[in-house]
Amino acid sequence: MAGRPRGSWLVAANAVVLGWLAAVAGSVVLFDPLGLPDWLPVHMFLLGAVSSAILIWSEHFAVAVLHSHQPALWTRVARLAALNAGTLAVLVGRVAGVPALLAAGAVTVVAAVAGHMLLLWRLRRRALRGQLAGIVEYYLAAGVALLAGGTIGALLGTGVGGTGWHDRLFAAHVHLNVLGWVLLTVLGTLFMLWPVVLRTRIGAGTVAAMRWSLRLVGAGLAVAIAGMLAGLRPMAAAGLAGYLAGVAVAGRPLLSAARARAPRSGAAWQLAAAMGWLAVGVTADAVIVAVTPAAELHQRLAALGPVLLVGVIAQALLGSLAHLLPVAAGGGPQAVRSATSTMDRGWPVRLAALNLAVGLLAVPGLPGPVRVAGWWLAAVAVIDVVARAVWLLAGPAISRLTPQRRTGLGVAAGGIAGVVLTVLAVLVAGSGIAPTGATVGGTGVREVRVELGNLRITPSVLTVAEGVYLRLVVVNRDTQPHDLRLDSGQRTALLEAGEQATLDVGQVDHEISGWCTVAGHRAAGMTMQIRPGAGPAAPPAEAHHHDGLTIPQTPLDLAAPFSPGFTPYPAGLDPAPDATVHRVELRVTERELEVAPGTQQPMWTFGGTAPGPVLRGKVGDLFEITLHNDGSLGHGIDFHASALAPNGPMRTLAPGERLTYRFRATQAGIWLYHCSTAPVLHHVGNGMYGAVIIDPPDLPPVDREYVIVASELYLGQPGSPEQVAKLRAGTPDAWLFNGAAAGYTHNPLPAAAGERVRVWVLAVGPSSGVSFHVIGTRFDTVYKEGAWLLRPGSGRGGSQVLDLAAAQGGFVELTFPEPGDYPFVDHNLRHADAGAAGIFTVTGPGR
């Protein structure tokens, strides 16, 4: 580039980075309204913005630390153009469903990075080397990671290795691209950039730390990738621990520099925050890889994404640009100081927004609107930096160029912006993977992830707009084999646990039924419906008749996740209080509760929950319950633990009335309380029930106690003719443990191996009993309806179930032999398949 001002190239090249950042921010803003796929902004950011910045600035820094000559301008333009053309091809090929275009794009990206690596290698061989020449080793190692990660990404995008290998390839792809290509570059650059930003000297131990850090992170990443591809989770975790050790070694001279001169500028604080999140993210990554089951690894790694994408990479990129772009714009020391002031203005707000965004996005269980707010905070911070950079580069920088160069630069910037905006429009119009169970709208190719497991197909109902070409990515998330057959003729092979397959359904102009062909699975409800139309999916009918077989249908998808923020009923019990008088206020409320994954139902409740709060005491205690009817209907209460004439205390209260119900507990057991207003069937069936536990005398202590209240679910408006008909026929939509179908399947109850656990069980009905069973262990203690049926050391053996009719109760005690997941079910398996099931997750040895 002899004779050409360095700033003109850096200004033009970084316009590409700024264009991608603007497109990323736009895709984040449009993400929820248009239902864009989550991979879209991620790949636009990493492949478009970050990879372009890596090519531009790693070459710039390599020339500086090697004291080399600038390479020819045309070679730099060619590499950057190839990278961006390949990126566009990857994105468009993925969205349009053209594997050949996607593969061609991946090859182009890999070729551009390979050319960049060749350049760096030649510079390293021929040039003089300064004390920080080792930074180039980081860039070369990062390039190797990208070559491997990009190749694996092409395999994933085109479906090669897409069955049992999918999760392994995905984990390797993510780690090679993020921890390898991006973070190795960031880590190496910080050895030089961090002291420069702080305006301090490079410490004496920097060169040694740089050398040892690369050895540790490089070897650690290689071991981690080998472990992931081989399916050896401990090996992968050990590799990530080695990577983390390398980060710690790199942190020592960086921390020493900060001690010598504390961060003051916005760029410095953003780089400092990025380093802090890097340590947090890699630590969390190692823990996730070590302990997460294979079926959940994809989801857990995706949840870690915001920490690395926003906390580390975005902050490192924005902080670096804030410092480097004023230098690139040039104009002398005074102009650089003025430009730095422009980029720094408002940095505390940007810093707070980005790091608050990381918190909102990384904390699990937050409501959807909170996560949207987190992404918007990050997008606003990016837009602010882009706007300042455009003002900086398009104003003073362009004004200093000759008219010919100014015109050329304007044409180039306009062309870049046009390409980015065009591809963003194409991607928005043809957005990718639809949310599970959602309506798919628009035209183009859509991919929907379909999960098989727990005798359910998720989503069970899918509505597809006219003109959409539908592709299903079918994944078996169960431990037993499943397949998916459509009556339109497409079908998968029998998929083992973790395997996946793709079905090209085509345009949907009529209703298509799907089911698992394994014996009994279709009849158990493992079915799905694909329907044409633009509106939301309608609930399926109560039964579907096919070839003379009546297949029960349910609007409940028990394998789907519960809504964000869902909290299961607290099953854990505290010991009975020492007080002998128990004064409790119960308020009748009518509210909507989540009774199954994603299913809200109007319920009549005691205390806002169904079941109502558990009351506990000892024989001889006095209970004084004040009942307030805050509902819109008449309600009363009946305590089975009491012995008194029902005329007064069990009377119906009009809305706004209250009464005080007093009784003395004279007999032990777990007793039902419920609404006493006729028809009692309707009130109990709509949630008005709870448990009173009166401890037997001399009840021995245990390590843990739980309560399980078994009941039935009748969907529909309470009191409507449809719901009343189901109540009278005794045909519930699901069976519940503590008010939710599959609530403890998604939120297991904890225990430890060797602990003694007592489980109180109450059968509410109103029509069904329960046969309580824990898979994988036995009961050595059984107490039912006031009588000890089995006690340890009695010589009578063990028990496998606690069988209770409606309104009966008791408890069992057991000890878990070893760590693992122990399902507990109603062994009337019809009830278990329809929601009466949960899991005890048992960890290492207990007390």
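Above this text sits the structure in question.
Residues numbered from 1 in each chain as written. Predicted model: local features only at pLDDT ≥ 70, side-chain atom pairs only at ≥ 80, totals over all residues. Heavy atoms only, no water.

The geometry of helix α8 (residues 233–260) relative to helix α9 (residues 266–291) is characterised by a closest axis approach of 8 Å and an angle of 165° between their N-to-C directions. Judged on the interaxial angle alone, α9 and α8 are roughly antiparallel. You can see that α8 and α9 cross each other, and the crossing is left-handed. In this structure, α8 uses Arg233, Ala236, Ala237, Leu240, Ala241, Tyr243, Leu244, Val247 and Leu254 to contact α9, whose residues at the interface are Met275, Leu278, Ala279, Val282, Thr283, Asp285, Ala286, Val289 and Ala290. (Axes fitted to C-alpha atoms, helices over the stretch in contact; angles between N-to-C directions. Helix = DSSP H or I, 4+ residues; strand = E, 2+ residues; numbered from the N terminus. Parallel < 35°, antiparallel > 145°, perpendicular 65-115°, else oblique. Left-handed = near helix turned anticlockwise from the far one by under 90°. Contact = heavy atoms within 4.5 Å.)

This part covers the pairing of strand β24 (residues 770–774). Counted residue by residue, β24 has five buried out of five residues, so it is predominantly covered. Of the two faces of β24, the one carrying Val770, Phe772 and Val774 and the one carrying Ser771 and His773 are both buried. Strand direction decides the pairing type here: β24 and strand β27 (residues 802–804), joined by three bridges, are antiparallel. Note on β27: the bridge partner recorded for Ser771 is Asp803. Where β24 meets strand β29 (residues 820–826), three bridges bridge the pair, whose relative direction is antiparallel. From the neighbouring strand, Val774 faces β29, where its bridge partner is Phe824. (Buried < 20%, exposed > 50% of the residue type's maximum accessible area, 1.4 Å probe, protein only. Pairing = 2+ DSSP bridges.)

With that settled, the discussion passes to helix α7 (residues 206–230). Helix length check: α7, at 25 residues, gives a terminal C-alpha distance of 36 Å against a target of 36 Å (1.5 Å per residue), a fit within 8%. Within the sequence span of α7, burial applies to Thr206, Ala209, Met210, Ser213, Leu214, Val217, Gly220, Leu221, Ala224, Ile225, Gly227 and Met228. Positive phi appears at Gly231, one or two residues downstream of α7, with a value of about 75°. (Expected span 1.5 Å × (residues − 1).)

Moving on to a nonpolar patch on the surface. Taken together, the side chains of Val223, Leu232 and Met235 make up a nonpolar region of the molecular surface, amounting to roughly 220 Å² of accessible area. Assignment of secondary structure puts Val223 in helix α7. (Patch = residues over 30% accessible without salt bridge, like charges linked within 9 Å, V, L, I, M, F, W, Y side chains within 5 Å. Areas by Shrake-Rupley, 256 points an atom, 1.4 Å probe, with all protein chains shown as cover. Salt bridge = Lys/Arg side-chain N within 4 Å of Asp/Glu carboxyl O.)

Moving on, we get to the sheet that holds strand β4 (residues 461–464). Overall, mixed pairing links the four strands, which are arranged β4-β9-β8-β6 in an open sheet. Either end of the sheet is taken by a strand with one partner, and the two such strands are β4 and β6 (485–486). Sheet topology note: the strand β8 (residues 512–515)/strand β9 (residues 527–532) ladder contains four bridges and is antiparallel. Pairing of Ile512 across the sheet is with Ile530, part of β9.

So, on to the sheet that holds strand β28 (residues 809–815). Strand order in the open sheet formed by six strands is β21-β20-β23-β28-β25-β26, with mixed pairing between adjacent strands. The sheet is open, and its two borders are formed by β21 (734–737) and β26 (787–790), each paired with just one other strand. In this sheet, neighbouring strand axes are inclined to one another by 20° on average, regardless of whether the strands run parallel or antiparallel. Note: strand β25 (residues 781–784) against β28, four bridges, orientation antiparallel. Opposite Lys784, over in β28, you have Gly810 as the bridge partner.

Inspection of the secondary structure puts Phe562 in the loop between β11 (549–552) and β12 (581–596). Its relative accessible area of 12% is what places Phe562 among the buried residues. Sequence spacing of Phe562 and Glu594 is 32 residues, and the spatial spacing of their C-alpha atoms is 8.0 Å. The contacts of Phe562, once residues within four sequence positions are left out, are Glu594, Ala596, Pro597, Gly598, Ala740, Ala741, Ala742, Gly743 and His746.

The final tally for this structure, using the stated rule, is 20 salt bridges. Notably, a salt bridge pairs Arg388 with Asp384, separated by 3.2 Å at the nearest N-O pair. One end of the pair, Arg388, and the other, Asp384, are both in helix α13 (residues 368–399), four residues apart, so they sit about a helical turn from each other. Where salt bridges share partners, they join Arg616, Asp695, Glu705, Arg756, Arg758, Asp780 and Glu813 into one cluster.

The subject of this paragraph is the pairing of strand β19 (residues 689–695). Here β19 lies mainly inside the structure; seven of its seven residues are buried. Across four bridges, the pairing between strand β14 (residues 615–618) and β19 is parallel. Pairing of Arg616 across the sheet is with Ile693, part of β19.

Moving on: unusual backbone geometry. Of the consecutive residues Ala610 and Pro611, the connecting peptide bond is found in the cis state with omega at 5°. Following Gly765, the chain continues into Pro766 via a peptide bond in cis, with omega recorded as 10°. Looking at the secondary structure, you find Pro766 in the loop between β23 (756–765) and β24. Unlike most non-glycine residues, Asp698 shows phi in positive territory, near 60°. With phi around 55°, Asn738 is a residue other than glycine that occupies positive phi space. Within the secondary structure layout, Asn738 lies in the loop between β21 and α17 (743–746).

Once that is clear, we can look at the packing of aromatic side chains. Counting across every chain of the model gives 22 aromatic pairs. Summarising the aromatic geometry, the rings of Tyr138 and Phe191 are spaced 5.8 Å apart at their centres and angled 55° between planes, so their arrangement reads as tilted. In this pair, Tyr138 is assigned in helix α5 (residues 135–158) and Phe191 in helix α6 (residues 166–198), connecting sequence segments 53 residues apart. Every member of this aromatic cluster is reached through a ring pair, and the members are Tyr706, Phe737, Tyr744, Phe772, Phe779, Phe816, Tyr822, Phe824 and Phe840. Lying across the ring of Phe811, Arg758 places its NZ or CZ 5.2 Å from the centre. The positively charged end of Arg791 is found above the aromatic ring belonging to Trp788, 3.7 Å away from the centroid. (Phe/Tyr/Trp six-rings, centres within 6.5 Å; stacked < 30°, edge-to-face > 60°. Lys NZ or Arg CZ within 6 Å of the ring centre and 35° of its normal.)

Treat this as a map of the structure, not an account of what it does.
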